[in-house]
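Here's the letter readout for the chains.
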Amino acid sequence: MESGLGLEATELRLGLPGAGGEGEGAKKRGYEETIDLKLQLQTPADVKELEEAADNMVKKTPSVKNVAQCGSIVEPEKPPASKAQVVGWPPVRSFRKSILSFHSDKGGSNMEDGEKSCNSMASFMKVSMDGAPYLRKVDLKMYKSYQELSMALQKMFGSFTNNGNCVSQGMSGKDFINESKVMNLLNRSEYVPTYEDKDGDWMLVGDVPWEMFVNSCKRLRIMKGSDAIGLAPRALEKCKNTS
Amino acid sequence: MDRAFSWVAAFPDEVWEHTFSFLPTDADRNAVALVCRSWHRIERLSRRKIFVGNCYAVEPAAAVRRFPEVRAATIKGKPHFADFNLTITDWGGGAGRWIQSMAKGWPLLEELRLKRMVVSDDCLEIAARSFKNFRVLSLASCEGFSTAGLASVAANCRNLKALDLHENEVEENCINWISHFPESFTSLVTLNIACLDGEMNVSILERLISRCPNLKTLRLNHVTPLEKLVGLLHRAPQLVDLGIGMLIGEGHPGLFSKLESAFAHLKHLKNLSGIWEAGPLYLPAIYSICEGLTALHLCDSSIQTPELSKVVSRCKNLQQLWAMDLIEDDGLIAVASSCKLLRELRIFPSDPHGLAQPVYLTQYGLLAVSSGCVMLESVLYFCRQMTNSALLAIANNCPNLTCFRLCIIEPYTPDYITQEPLDAGFGAIVELCKDLRRLSISGLLTDRVFKTIGASANRLEMLSVAFAGDTDAGLHYILSGCKKLRKLEIRDCPFGDKALLDNADKLEAMRSLWMSSCSVTLGACRLLAKKMPRLNVEVIDENGGGSLESWPDDCHVEKLYIYRTIAGPRTDAPPFVLTV
């Protein structure tokens, strides 16, 4: 039930926390709390709360008195994450995908299923960039599209590229943004974003639909362009074969 | 000979048959069949369409025997709450026995529509081979089949007009099933494959479309590449209903104008549905067809309100709008001022579990639409806050509502201004909307609202209740009132034995009752089953199944499904489903 909540506790690496992604890994990395890079990224609710919510996933218990928060006025605040989720509520077809990518399944969101919706809590990926002195972490569930991810990566790693502001050149109103094109913006600094998928293969970011990417990505690596030749065809092949 | 009804013999059977063909509903035909034996005989031999709302209500063989000349059958399986995973897997609803009986008794069957049933590939194969004149296959919310089954339908149904797959769980093991339509096949009018996940071979699809000049409905799945979409659209300018997939692909500038031009050629387009993953940049490509649209389904779209507003404000003839709550109040205000012919509004939650920032969709949006769109009849609305005064205003604005489904996402949410229950608001809906046939209620509700519903909702046929009520009286009000109630589904309410037992007869007048996480005991179920032999009282026990007899009467029943039937207890129930 805890997938996606930072299970790299056992890995030793020199990495700074990104996007508040302590999770279970915090135990081994006490020193990281002293170095805290503030990101402009939206942070999810406290990860600890998410863990509690995960533990509270109720599959069978019908009692929802503990769920009720009567009289809550809708405000644009941080979402309350520590809620037990009830099977089959709200009554949305499991077939209907959550378009904010808060689902994990291919054919349906299974949002009502208490166990499975746990997976949708966070999806932190390590992001490394060739030549950068440290890695970062991003939560893919916070983004709805490649465009958003690209902007976030640019903010994170922009200082390491030759032209740190290359993003702004491409994102003007009439530009017809698509996945690979957006990713290619980083190309202007000769870097290519790639990712390792569930099968362990390294793929070019941007070839598959966003949701498919979120579900299959395990880690990101921003490669030097020269290393990335030959990745594109495999990405397309995967897309065909993935059900 | 019916001596008392010798006037029947004054006309030959064909005359009566012709007369009956004007009767609009099955209920009318059923009434006719009760008049005398001759009419019963004539009616049953001339019935061409049959609707079976609950596949377990009657034995397939019996239905086939009684109506031997049926050409179109619609059959529904699982209860509605199965859509939300409230039943168990393998609950039932298998189509096999029906298909087998139909294959034997209705070889001339032309149309088959199944909803919430388990359909195997074998079923599809049998259907494809047995019905020589098969024209329409519609599967909605079904499961159990794969694209291999679809391949055999494609290969064998020479005159197929419609293949309509709506929100099914399909195993995709046969990538090129579309190529099984023979080259000589040209009869397709409807092709809806939106629920499939796999990539289609677009050139085969193109050839199929090119040779089917009568194709009116084409709903593609979400992985159709953008470039290819343009080609497909050019081959089918006569389309009336189009569903497109994700708009992703190589974003070269020429593509936009190609797309725009392709859409502009669809002069007859009335319905548009689809997913717009690439978002707002391609949206202007559809501006040219907006004015002709009567239905727009953007319920898997991540488009935000500014762009959405630009689209809807061009859709002056829109009658049906399905969208995500990303449309927000602002977008709905745009709808209210532009879409004066709107009849149906459905707003779905983009973030049902409240994991992200809430969207600005409140009661104001719905209020605006109710005020601006006087023809509004049908509403499905997911939101997070509501007030009694808004509901009252909506009821006053739209007295012609036939369907009102409001889901306030957080259970037990009261009127957020007064903190009172929403009894008054929903009460106004049922009192002022006299034609209301379907109602779903939510939020903080006491027994009072049920009293009002029971007393006033005289045309109500389907009611969905969740997390509502104080005592058994609530259920009693519903069952003792609501004269036309056919389907009742309840979850997480403090309703129990007494109301059920006091209203046992009502249950036989209804199609079905679902109750889960309420306060029903096994003893009451036993009493009910004993009293009402033509009801199946099914108890779902997820913990172990096993022998029902050994359990005590005061044992709590978690999930209960009661339905009327003339077929007796069903024989295909899994071990967890026990008929009392």
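Residues numbered from 1 in each chain as written. Chains lettered and ligands numbered in written order. Predicted model: local features only at pLDDT ≥ 70, side-chain atom pairs only at ≥ 80, totals over all residues. Heavy atoms only, no water.

### Notes on the overall build of chain B
Then step 1. Check the secondary structure of chain B and you find 21 helices and 23 strands.
Then step 2. A globule of 580 residues ought to have a C-alpha radius of gyration of about 25 Å, and chain B, at 25 Å, matches this closely.
Then step 3. Seen along its three principal axes, the alpha-carbon backbone of chain B occupies a region of about 70 × 65 × 55 Å.
Then step 4. Considering only contacts within chain B whose residues lie at least 6 apart along the sequence, 72% involve residues at least 24 apart.
Then step 5. Summing over all exposed atoms, chain B offers an accessible surface of approximately 22000 Å²; the carbon and sulfur share of this is 53%. (Helix = DSSP H or I, 4+ residues; strand = E, 2+ residues; numbered from the N terminus. Rg over C-alpha atoms; globule rule 2.2 N^0.38 Å. Contact = heavy atoms within 4.5 Å. Areas by Shrake-Rupley, 256 points an atom, 1.4 Å probe, with all protein chains shown as cover.)

### Considerations on the environment of R47 of chain B
Residues and elements named next belong to chain B.
Then step 1. Among the structural elements, R47 can be located in the loop between helix 3 (37-46) and strand 1 (49-52).
Then step 2. Accessibility expressed as a relative area gives 4% for R47, which makes it buried.
Then step 3. Considering only alpha carbons, one finds R47 and E17, 30 residues apart in sequence, at a separation of 8.9 Å.
Then step 4. Not counting chain neighbours up to four residues away, the residues in contact with R47 comprise D26, R29, N30, F67, E69 and V70.
Then step 5. Here the side chain of R47 touches N30 through a polar contact of 2.7 Å, side chain to side chain.
Then step 6. In this structure the side chain of R47 is engaged in a polar contact, spanning 2.9 Å, whose partner is the side chain of E43. (Buried < 20%, exposed > 50% of the residue type's maximum accessible area, 1.4 Å probe, protein only. Polar contact = N/O pair within 3.5 Å; in protein donor to acceptor, adjacent residues only side chain to side chain.)

### Examining the confidence of the model for chain A
Residues and elements named next belong to chain A.
Then step 1. Mean pLDDT over chain A stands at 55; residues scoring 70 or higher make up 31%.
Then step 2. Note that residues 1-9 has pLDDT below 50 and, in this model, 27 contacts with residues that lie over four places away or in other chains.
Then step 3. The low-confidence segment residues 13-82 (pLDDT under 50) makes 121 contacts with residues lying over four places distant or belonging to another chain. (pLDDT = per-residue confidence, 0-100.)

### Re the nonpolar core
Then step 1. Formed by 196 residues in total, the largest nonpolar core has its most connected members in M102, W177, F404 and I453 of chain B.
Then step 2. Apart from residues no more than four positions distant in its own chain, I453 of chain B is found in contact with V430, L439, I441, L460, L463, I478 and C482 of chain B.
Then step 3. Core analysis: the second largest hydrophobic core is formed by 24 residues, A132, Y191, C217 and L220 of chain A among them. (Core = buried A, V, L, I, M, F, W, Y, C linked by side-chain atoms within 4.5 Å.)

### Concerning the environment of T571 of chain B
Then step 1. With respect to the element layout, T571 of chain B can be found in the loop between strand 22 (556-564) and strand 23 (577-579).
Then step 2. It is 38 Å that separates the C-alpha atoms of T571 of chain B and D447 of chain B, two residues lying 124 residues apart in sequence.

### Comments concerning the environment of A62 of chain B
Then step 1. Along the polypeptide, A62 of chain B turns up in helix 4 (residues 60-66).
Then step 2. Its relative accessible area of 27% is what places A62 of chain B among the partly exposed residues.

### Observations regarding the sheet that holds strand 1 (residues 124-129) of chain A
Two modes of strand pairing occur in sheets, parallel and antiparallel, and in both the strands are linked by backbone hydrogen bonds.
Residue and element names in this part refer to chain A.
Then step 1. The 5 strands lie next to each other as 2-1-5-3-4, forming an open sheet whose pairing is mixed. One side of each edge strand has no neighbouring strand; the edge strands of this open sheet are strand 2 (136-139) and strand 4 (202-204). Averaged over all pairs of adjacent strands, the angle between strand axes in this sheet comes to 30°, irrespective of strand direction.
Then step 2. Where strand 3 (residues 191-197) meets strand 4, 3 bridges bridge the pair, whose relative direction is antiparallel. Bridge pairing in strand 4 places T194 opposite L204.
Then step 3. Strand contacts of helix 3 (residues 146-157): strand 1, strand 2 and strand 5 (217-224), with the helix running at about 160° to strand 2, the strand carrying the most contacts. (Pairing = 2+ DSSP bridges. Axes fitted to C-alpha atoms, helices over the stretch in contact; angles between N-to-C directions.)

### A word on the packing of aromatic side chains
Then step 1. With the rule as written, the count across this model stands at 22 aromatic pairs over all chains.
Then step 2. Measuring from centroid to centroid gives 5.4 Å for W210 of chain A and F213 of chain A, while their planes differ by 45°, and the two rings are tilted. Pair noted here: W210 of chain A and F213 of chain A are both in helix 6 (residues 210-216), with a separation of 3 residues, about one helical turn.
Then step 3. Given a relative accessible area of 1%, W210 of chain A falls into the buried group.
Then step 4. By relative accessible area, F213 of chain A is classed as buried at 0%.
Then step 5. Members of the aromatic cluster, joined through ring pairs, are Y56, F81, F84, W91, W514, Y561 and Y563 of chain B.
Then step 6. Between the NZ or CZ atom of R314 of chain B and the centre of the ring of Y287 of chain B, over which it lies, the distance is 3.6 Å. (Phe/Tyr/Trp six-rings, centres within 6.5 Å; stacked < 30°, edge-to-face > 60°. Lys NZ or Arg CZ within 6 Å of the ring centre and 35° of its normal.)

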